[in-house]
Amino acid sequence: MLRWFLVIFLAVIVFSAALPWLEKFGVGKLPGDVRFTLFGKKIFLPFASTVLLSMLVFLLARLL
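Now for a look at the structure at hand. (Residues numbered from 1 in each chain as written. Predicted model: local features only at pLDDT ≥ 70, side-chain atom pairs only at ≥ 80, totals over all residues. Heavy atoms only, no water.)

**Looking at the pairing of strand S2 (residues 41-46)**
- Pairing geometry for strand S1 (residues 33-38) and S2, over six bridges, is antiparallel. The residue of S2 that forms the bridge with valine 34 is leucine 45.
- Connecting S1 to the antiparallel partner S2 that follows it, the hairpin turn spans two residues, and phenylalanine 39 within it adopts a positive phi of roughly 55°. (Pairing = 2+ DSSP bridges. Helix = DSSP H or I, 4+ residues; strand = E, 2+ residues; numbered from the N terminus.)

**Focus on the packing of aromatic side chains**
- Counting across every chain of the model gives zero aromatic pairs.
- Positioned over the ring face of phenylalanine 44 is arginine 35, at 4.4 Å from the centre of the ring. (Phe/Tyr/Trp six-rings, centres within 6.5 Å; stacked < 30°, edge-to-face > 60°. Lys NZ or Arg CZ within 6 Å of the ring centre and 35° of its normal.)

**Examining helix H1 (residues 2-22)**
- End to end, H1 covers 28 Å across 21 residues, agreeing with the expected 30 Å (1.5 Å per residue, within 8%).
- The principal kink in H1, of about 35°, is found at serine 16, preceding the proline proline 20 by one to four residues.
- Looking only at H1, the buried set comprises Phe15, Leu19 and Leu22.
- Where H1 is buried, its residues contact S1, S2 and helix H2 (47-63). (Expected span 1.5 Å × (residues − 1). Bend = angle between axes of the 7 residues up to and from the residue. Buried < 20%, exposed > 50% of the residue type's maximum accessible area, 1.4 Å probe, protein only. Contact = heavy atoms within 4.5 Å.)

**Side note on the nonpolar core**
- Of all hydrophobic cores here, the largest spans five residues; its members are Phe15, Leu19, Leu22, Val27 and Phe44.
- A total of three residues in this core trace back to one element, the largest contributor, which is H1.
- Apart from the residues lying within four places of it in its own chain, the contact partners of leucine 22 are Phe15, Val27 and Leu53. (Core = buried A, V, L, I, M, F, W, Y, C linked by side-chain atoms within 4.5 Å.)

**Structural notes on unusual backbone geometry**
- For phenylalanine 39, which is not glycine, the phi torsion reads 55° and is therefore positive.
- Relative to the assigned elements, phenylalanine 39 resides in the loop between S1 and S2.
- Phenylalanine 39 sits in the exposed class, given a relative accessible area of 83%.

**Some details on the packing of H1 against H2**
- Where H1 contacts H2, the two axes come as close as 11 Å, and the packing angle between them is 95°. By the angle between their axes, H1 is roughly perpendicular relative to H2. Counted together, Ala11, Val12, Phe15 and Leu22 of H1 and Ser49, Thr50 and Leu53 of H2 form the full contact between these two elements.
- Across the contact of H1 with H2, the residue classes tally to five nonpolar, two polar and no charged. (Axes fitted to C-alpha atoms, helices over the stretch in contact; angles between N-to-C directions. Parallel < 35°, antiparallel > 145°, perpendicular 65-115°, else oblique. Nonpolar A, V, L, I, M, F, W, Y, C, P; charged D, E, K, R; others polar.)

Here it is as structure tokens:
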């Protein structure tokens, strides 16, 4: 359980860092992605986009 939590946490961090590049392709604007402002700081939680990208990586790994 702890290992999966760590993997998901790292995936969200990597995805958030790559978000400006991925937004050009429409990723990060899916219905499950949450954006809000808290104390003047913009917070973005890309839940749906992370699941979508994880599925793509899984399919690529299965094919190779």
